[in-house]
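Analysis of the macromolecular model
Here are the chains, one letter per residue:
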Number of protein chains: 2
Amino acid sequence: MTREGRTTLRDVAEAAGVSVATCSYVLSGRADRTTPLPEPTRKRVEDAARRLGYKGNTAARSLRRQRSELIAIVYAPPVSPWLDHLTWECEDIAAARGYSVIGVPVRRLDRAAQSLRVITRGHVDGAIFTPVLSDDLDLTAARRSTRALMAFSDSLRMPGVDVVRNNVRTALAEATTYLIDAGRERIAYLSHTGVQEDRYLGYVDALEQAGREVDPALVRVGAASREDAVLVVRELLDGPNPPDAVVSESDRGGFAALQAAADRGVKVPDDLAVIGTGNTREATNSMPSLTSVGMHQLDFTEMVEALFARIDDPTLPARELLMPWVLNHRASA
Amino acid sequence: MTREGRTTLRDVAEAAGVSVATCSYVLSGRADRTTPLPEPTRKRVEDAARRLGYKGNTAARSLRRQRSELIAIVYAPPVSPWLDHLTWECEDIAAARGYSVIGVPVRRLDRAAQSLRVITRGHVDGAIFTPVLSDDLDLTAARRSTRALMAFSDSLRMPGVDVVRNNVRTALAEATTYLIDAGRERIAYLSHTGVQEDRYLGYVDALEQAGREVDPALVRVGAASREDAVLVVRELLDGPNPPDAVVSESDRGGFAALQAAADRGVKVPDDLAVIGTGNTREATNSMPSLTSVGMHQLDFTEMVEALFARIDDPTLPARELLMPWVLNHRASA
DNA sequence: TTGTATGCGTTATCAG
DNA sequence: CTGATAACGCATACAA
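Just so it is clear, the structure is predicted and the values come from calculations on it, not from any experiment. (Residues numbered from 1 in each chain as written. Chains lettered and ligands numbered in written order. Predicted model: local features only at pLDDT ≥ 70, side-chain atom pairs only at ≥ 80, totals over all residues. Heavy atoms only, no water.)

Brief notes about the environment of Trp88 of chain A
Residues and elements named next belong to chain A. Defined as follows: The way it works is that DSSP assigns letters per residue, a run of H or I at least four long becomes a helix, a run of E at least two long becomes a strand, and they are numbered from the N terminus. Here the term buried applies to any residue with accessible area under 20% of the maximum for its type, exposed to any over 50%, and partly exposed to those in between, with areas from a 1.4 Å probe on protein chains only.
Here Trp88 is to be found in helix α5 (residues 81-96). When its relative accessible area of 30% is taken as the criterion, Trp88 is described as partly exposed. Note: C-alpha distance between Trp88 and Ala127 (39 residues apart in sequence) is 15 Å.

Remarks on the interface of chain A and chain B
Definition in use: The contact definition used throughout considers only heavy atoms, calling two residues in contact when any of these lie within 4.5 Å. Just to be clear on terms, a salt bridge is a Lys or Arg side-chain nitrogen sitting within 4 Å of an Asp or Glu carboxyl oxygen. In the analysis that follows, any N or O atom pair within 3.5 Å is treated as a polar contact, provided that within protein one partner can donate a hydrogen and the other can accept it, and provided that, for residues neighboring in sequence, both atoms belong to side chains.
On the side of chain B, 68 residues touch chain A, which itself brings 69 residues to the contact. Remark: the boundary between chain A and chain B carries four salt bridges. At the junction of chain A and chain B, the tally comes to 26 residue pairs in polar contact (both at pLDDT 80 or more). Sorting the residues of the side of chain A that touches chain B by element identifies α4 (58-65), α5, β2 (100-105), α6 (112-115), α7 (117-120), α9 (140-145), α12 (226-238) and α13 (251-264) of chain A as the ones contributing at least two each.

Things to note about the relation of the copies chain A and chain B
Inclusion rule: For this overlay, a least-squares fit was computed on C-alpha atoms, restricted to residues scoring pLDDT of at least 70 in both copies.
Under the fitted operation, chain A is carried onto chain B by 0.1 Å of movement along the axis and a turn of 180 degrees, and the coordinates agree to an RMSD of 0.1 Å. Taken together, these values place the two copies in the relation of a two-fold axis. Comparing interface residues between copies, 99% of those in chain A also sit at the interface in chain B, which points to an isologous, same-surface contact.

A closer look at the sheet that holds strand β6 (residues 187-191) of chain B
Residue and element names in this part refer to chain B. Keep this limit in mind: The rule for pairing is simple: two strands pair if DSSP sees at least two bridges between them. Axis definition: a line fitted to C-alpha atoms, over the contacting stretch in the case of helices. Angles run 0 to 180 degrees between N-to-C directions.
Across the sheet, six strands lie side by side as β7-β6-β8-β9-β10-β12; this open sheet has mixed pairing. Sheet topology places β7 (219-221) and β12 (325-328) at the edges, where each strand pairs with a single neighbour. The average undirected angle you get between the axes of adjacent strands in this sheet is 20 degrees. For strand β9 (residues 273-277) and strand β10 (residues 291-295), the ladder comprises three bridges, and the chain directions are parallel. Of the residues in β10, the one forming a bridge with Ile275 is Thr291.

Here it is as C-alpha cells:
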C-alpha cells in the first residue's frame, strides 16, 4: 500500500515479483494481444491482486485511456417510472459492454453547471439528456467533453448530437382534439412544473384550431408529487365552473385526476374525461384504466445502441430517432 | 487543442503566453496562497480560458489531488420520493462545498460489482448506501476506496463507516401491535420486493408476541409500481377471507391499498385499516390521509454533514446516527 | 510574480 | 514473454 491504504498496481507488482507493466497486461489489458496467455506468471499476479484486494483506479485509467466506461443519465427530479425504465434498459445494454451507468440529477437550473461537472469536466463517455432538460440546458460544453450525446428534444438541432424526437406537441394536440370532438366543453390542462412548454403548446394549438380560447382558470400548475396534484384537481372540481375533461402533462397527474374524481364522486369518463401523458405501464392497471399520450410501448434499445455506436465512432453523422407518441385509448377518455 | 478537441490547460497556457503552472494557479488553485492576486496576468489567463472553453479534466485533477469532489447515492430501483428528498438535500449541502452528487442504481445484486465500479474503483469521495442495499452488499471494497461511507442499516457494524439506525423492525412491530390492540383480526402484510426482511420481521414479531400465527395467505409480495400493488390488494379484498387491516412496507403500497379499497367500496378505516411505511409528505394529502411508520419528518442534514465531516477527516470515529421511526397517526388507521 | 520539475496510477510502445 | 520508459492532464514544492 502506497499512500492512503489503497492498493496500487505497484503493490501488486512487488508482491508478485514482476513489473507493473506485466501486471497491467494481465489484469486489465484485454487478452486480444497476439500473445495468448503467459500461464505461469499470470496466476501469481492474479493471486497477489486478489490477496491485496486490488481494485484499480478509474482516474488514472481514464486519464491514460481517454475512456471512463461510464455513461450518465441527466434528469430533472422528481423521478418517475419512465426514468426508471430508461435507466434499467441502459444498464442492461451497458453492462454487456462493460459500462456502468450513473444518474445526474439537475434540480436547479441556476446550479446546472455545478451538477453537470461530471459531464463537462469529467470523463463520461456518453450522456443522455432527458426531456425537459434537453431544451433548457446549453449542451455545447457537454458535447465537447463527451464522445456521445443523446437528447430527447423536438426542437434541438446540434451538430454531433443524436436526438430523439417525440412529436410531443402534435401528440398533445391530437389528444386535445379528440376531447373536443367528443364534445367536451371545458378542458383543463394540468402541468407539471411549468417548463414542459411543448406539451402545453399542443393543448393550445388544438383549442385554437377549434376556434376556442384558452381559459386561464383551467390551466393549473400541479405540484411534483401525485398527492399534491390531487389537491389541485380537487380544487378545480370544487370550483364554480368545473372542467369536464383534464389533459395532464404526465400520467402521474392523470392518476391524480382519477383519484380526485373518485374523492368527489365525479364519474369518469362520463362527467370527467382524463388523459395522461407518458403511457406508463401503470396506466393499464389503474381504475379506470388511463387513456394516455405516449410511446405505444417503452423501448429504448435502439436509442441506447445509437449512443454506443457514437461512443465507438464519434464521427458518425448525427442521427434523428423517431419515437412517436400516439394516443393510447383506454377507459378514462 | 491537443488531441480530440478537448481544451487542455496547456492550450490555455499557450494562448495566454504563460506557463501551465500559472494557469493552474489562477484557475483552480485556491487563492489561499500567500500571494493575493497577480492582477495583470490573471485576466489574460481567464480570458483565454473562457475563449477556448476550458473545462478542466476531472480524471487528471482527481488523480493528482486524490479528490473528486463527488459523492454518490447508491440505491435500488424503483425510485421513490424518499430518494428524491435525500438527493436534493445532499445536493444542497454538497453544492455549498463545491461538490456534485450522482446516483448509482443497483438493479441486480448479481451485477452489483459492475454497477459499483464508480465507487470501488472510481474516485468518489463519499457514498451513501440507501436502506435495502446496505444489508445486501459487501461494503468492504467500497470502504477501502472512498474517504467516507454512510449506510442506512439497523444491523451493519463496520469499522470506519457511519451508519444510520432507523429501528425499522421495532417500528413495524409497534404499528402492527397498534392494529392488534385496535381489535383487527386479519392483518395483511404487503411487501415490496421480498428483501426488506427487517420490516417483515417487525410484523412477525408483533403477531407472535400477541400469540398469533402468521397467515401466509395474508402476506403478499407487491410489485414495484403503485398500480401493480393495487392489483395485489384487490386480489386480497376479493378473496374468501379478506383482511381487515393492511400493513405496507411502503407508502406507495399504502396508497395502493387505499385505492383498491375505494375501487371495491371497502370503507377505510372502518372495514380496512391501512398503515404505510416511509411517512412521505404525500401521506398527509391522500384521501383519507395515510397513517404511516417513518421518520416524523424527513431531514437528512445531520447525516450529510456527518458524511462531509468524514470526508474532511477519515480518521473520525464511526458515528451511529439515530433517525427513529415512529407511528404517525392519521385517518387511515 | 512566474516558471521548472516531479509525480499521481495506469496503459501503450517498444526493446531486450 | 517480460520489463523499462514515456505519456495522459493537472497541481504542487521549489527555484529563479
